[in-house]
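# Summary of the model geometry
As a plain string of letters, each chain reads:
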Amino acid sequence: MTNHWVDIKNADVVFVMGGNPAEAHPCGFKWVIEAKKNRKAKLVVVDPRFNRTASVADYYAPIRPGTDIAFLGGVINYLLANDKLHHDYVKAYTNASFLIDEGFKFEDGIFSGYDEAKRAYGKDTWKYQFDKDGFAKVDETLQDPNCVFQLLKKHYSRYTPETVSKVCGTPKDAFLKVCEYIASTAAPDRTMTNLYALGWTEHTVGSQNIRCMAIIQLLLGNMGMAGGGINALRGHANVQGITDFALYAQTLPGYLSAPTDADPDRATYLGKRTPKALRPGQMNFPQNFPKWFTSLCKTWYGDNATKDNDFAYDYLPKLSGASDVLSIFNSMYEGKMTGFFCQGFNPLASVANKKKVGDALAKLKYMVVIDPLATDTSEFWKPYGEFNAVDPAQIPTEVFRLPANLFAEHAGTFTNSGRVVQWRWKAVDGPGDSKDDTEIIAALFLKLKEMYAKDGGAFPEPIQKLTWAYAQPAKPSPEELLREINGKALADVLDPKDPTKVLVKAGDQLPSFAMLRDDGSTTCGNWIYCGVWSQAGNNSARRDPSDPSGLGQTLNWGFAWPVNRRILYNRASADLAGKPWDPKRPVLRWTGTAWGGNDVPDMRPDAKPEENVMPFIMNPEGVGRLFSRELMAEGPFPEHYEPFETPLDKNPMHPNNPKATSNPAARVYKGDMEAFGKAKDFPYVATTYRLTEHFHYWTKQSTINAIMQPEQFVEIGEELAQEKGIKAGDRVKVRSNRGFIRGVAVVTKRIKALDVDGRKVHTVGIPTHFGFKGATKPGFITNTLTPFVGDANTQTPEYKAFLVNIEKA
């Protein structure tokens, strides 16, 4: 989230698309109700299903799964065509005025630089024009045909209300009504918050779905504002935390880009990742990358990381290619992997195309499962009838189960969707022989270190020289780990403006990442968490709910990364002179000598307004990007592409160009293109989702949850049910080109057939929680059906839009 859960109560419009918080985030959804009750906020929902969130909405509009960009592109066009913009904000705080390379083109669905054979773009033209000093050129009038504002208008002029209705199936009047609600927040004293979840990310254009919303919020001036922002709703209590700590293997903790084979030494690595400012006077905060990275290396390797050995850079693994979940299982499927550690993860159930995942696991020599429960994955080798039709005699994989504790059986932190890190205390001991994850990993590490010392081995230094200075090496405490993550001063940290002034004494915990240095004098296990355990103590354990502003800015409750800031980009909540856009909901203002307010300034505290230091300090431009330069895989502007399994013969936006039917930059592995189904065989669109009564694949092991939702069901609309002769309660068989599942039919008014490009499109809704292990009735894994293809940027699989057929079982 750019904002936080409580801040939702400050919104005038709550726009929910790509999520269903009333169902999937019921505790956080109370803040939406607070906004409706106390601010008379309007709740607007766009979703393929009339879901639980829609049931309490002020307005609902249906949409075909996988067409979010067409809808949002239409909203962008509406805002531009009807002059519903926050003009001063757009001109000052976005790259609307920046001039783009004259070679940049967009023709029939394809941007300039496309290489069809590689399914990838050369991005040489996706950049700014630069002056002799290396700064981006701008046109303050916004009239130059090559300025971002004019290119944006041209690009989205095609997304008319009629086109949106044709592509999305959303009735034109419903689309326009949604546009009116959104456009009402272009006024400086009105804000809209956007809430999204996996309904946006789990598409082959998932990242661009979110980019599209970023463009809308920038045009409306809603970023950095109380009640504004773009707010991801994380599906587990600590998903945000594990993402911050490099769940996605292309990064190191704190979203630092991981070294690759193309980075032979530290200087090359840092040079590529330390940008120069693209406009005069900007903070360009990523220029501090060397400080973050060096402090991380000192945390890991301590005295063994020195200037003479490039701070142990050579000890770090270098990625030779993709390392996302789909690439891992594809490599396993091709027999290129010997072993697999599976910690708190149930990939047989949660990764696309169960058959491919199961076949991949069967090619391993061994698999280690670290989990409190006997998961479906841990018994992938075991036959469960048609739910898991395998022959153990044909599976050589040896499975080791290491029983771990549940979250309530050890202390530690959760980081919620709003980036708030909250300490939690241990409730009970774990049962039987279960151990804390850290104890399990510590045992493995210490044994490996002992084996290297005894037997030698190729390149033992990364293990042998790793710092492990815990009071109990075999059982590091969560308190020690959090202090290590925060970081400390190894030598006195001096004020660069006055070297006689000591900012942090040697040995003290660091108060913030502003104290990090690139000379080896500081440690920090994750730069964005620096400050969570300062010299004052464990800030994540604070529980003071004081809220002097009344806006929910409880700065003494837990610790929000970065530096306890609750609203990111909050400098944008005030105009160029430092005066709040909305005096009734101020976040930051210039006091005459410094930035003050109810939040930690996302700005150099003493940067005077006349210095023109812009709010988006993580961008070298200092401003928000309407045009994303060369940073996205499939284009600097979001464009509608069909899901890889589309119910249409073509992309209605580009009917004459088959290259632009689906995302032209999405990675497709050999054999997976052939596994995509066609509409003639699988005429219905399927989408997956979650239920309040279950928590992903965990609570199917719990009796009380199993009583509430005992078995797999499938939702279909009344019209489709009538066509297929299916009644409520009938058992149905749902097939994709990869397999089938069976479940109980729920016939509902909540899913309507939509008129799309001259044909009727039906949607089938399938909950994702069930499987063959647990207290629920043994059943099928929903991801038996889903395609093995993902977002072109993050590789998140396309669970939300694929093709099926359905029949009475």
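Residues numbered from 1 in each chain as written. Predicted model: local features only at pLDDT ≥ 70, side-chain atom pairs only at ≥ 80, totals over all residues. Heavy atoms only, no water.

What follows deals with the packing of aromatic side chains. Per the stated rule, a full pass over the model turns up 48 aromatic pairs. Their ring planes at 70° and their centres at 6.4 Å tell us that Tyr 128 and Phe 130 sit as a pair that is edge-to-face. By relative accessible area, which is 1% here, Tyr 128 ends up buried. Phe 130 gets classed as partly exposed once you look at its relative accessible area, which sits at 37%. Ring geometry for Tyr 269 against Phe 293: centres 4.6 Å apart, planes inclined by 50°, an arrangement best described as tilted. Taken as a pair, Tyr 269 in helix α11 (residues 266-273) and Phe 293 in helix α12 (residues 289-301) lie far apart in primary sequence, 24 residues in all. Exposure class is identical for Tyr 269 and Phe 293. Each is buried. Among the aromatic residues, ring-to-ring pairing joins Phe 104, Phe 106, Phe 111, Tyr 114, Tyr 121, Trp 126, Tyr 156, Tyr 159, Phe 627 and Phe 637 into one connected group. Here the guanidinium or amino end of Arg 279 rests over the ring plane of Phe 98, the centre of that ring lying 6.0 Å away. Positioned above the aromatic ring of Phe 740, the side-chain terminus of Lys 733 is 4.4 Å from the ring centre. (Phe/Tyr/Trp six-rings, centres within 6.5 Å; stacked < 30°, edge-to-face > 60°. Buried < 20%, exposed > 50% of the residue type's maximum accessible area, 1.4 Å probe, protein only. Helix = DSSP H or I, 4+ residues; strand = E, 2+ residues; numbered from the N terminus. Lys NZ or Arg CZ within 6 Å of the ring centre and 35° of its normal.)

A few words now on the sheet that holds strand β2 (residues 42-46). The strand order β3-β2-β1-β8-β9 describes an open sheet built from five strands, whose pairing is parallel. With one partner strand each, in any of the chains shown, β3 (59-61) and β9 (230-232) form the two edges of the open sheet. The average angle at which neighbouring strand axes cross in this sheet is 20°, direction not considered. (Pairing = 2+ DSSP bridges. Axes fitted to C-alpha atoms, helices over the stretch in contact; angles between N-to-C directions.)

This paragraph deals with helix α9 (residues 206-220). Between its terminal C-alpha atoms α9 stretches 22 Å, which fits the 21 Å expected from 15 residues at 1.5 Å a residue. Across the 15 residues of α9, 15 count as buried, placing the element largely inside the fold. Count one or two residues on from α9 and you reach Gly 221, which has phi positive near 75°. (Expected span 1.5 Å × (residues − 1).)

Let us now look at the environment of Lys 724. Tracing the sequence through the fold places Lys 724 in helix α20 (residues 718-724). Lys 724 has contacts with Tyr 684, Asn 805 and Ile 806, leaving out every residue within four places of it along the chain. (Contact = heavy atoms within 4.5 Å.)

Of all the residues in α11, the buried ones are Arg 266, Tyr 269, Leu 270 and Arg 273. The arc that holds every buried residue of α11, seen down its axis, measures 90°, which confines them to one face. With respect to the buried face of α11, the exposed residues turned more than 90 degrees away are Ala 267, Gly 271 and Lys 272. Its buried side turned inward, α11 meets β10 (251-252), β11 (256-257) and α12. Between the side-chain oxygen at the start of α11 and the backbone nitrogen of Ala 267 there is a gap of 3.3 Å, and the oxygen is on Asp 265. (Arc of directions from axis to C-beta. Polar contact = N/O pair within 3.5 Å; in protein donor to acceptor, adjacent residues only side chain to side chain.)

A word on the domain arrangement of the protein chain. Under the domain assignment, the protein chain is made up of domain 1 (1-87 + 145-235 + 568-623), domain 2 (325-410 + 432-465) and domain 3 (658-808). Centre-to-centre separation of domain 1 and domain 2, based on C-alpha positions: 41 Å. (Domains from an automatic or database assignment.)

Below, the discussion takes up the nonpolar core. In this structure, Phe 15, Phe 71, Ile 76, Leu 79, Leu 152, Ile 216 and Leu 219 are the most contacted members of the largest nonpolar core, which totals 89 residues. Both domains that meet at this core, namely domain 1 (1-87 + 145-235 + 568-623) and domain 3 (658-808), each give it at least three residues. The contacts of Leu 79, once residues within four sequence positions are left out, are Lys 84, Leu 85, Ala 183, Ile 216, Leu 219 and Leu 220. Val 421, Trp 561, Trp 595 and Val 613 belong to the second largest nonpolar core, which has 49 residues in total. (Core = buried A, V, L, I, M, F, W, Y, C linked by side-chain atoms within 4.5 Å.)

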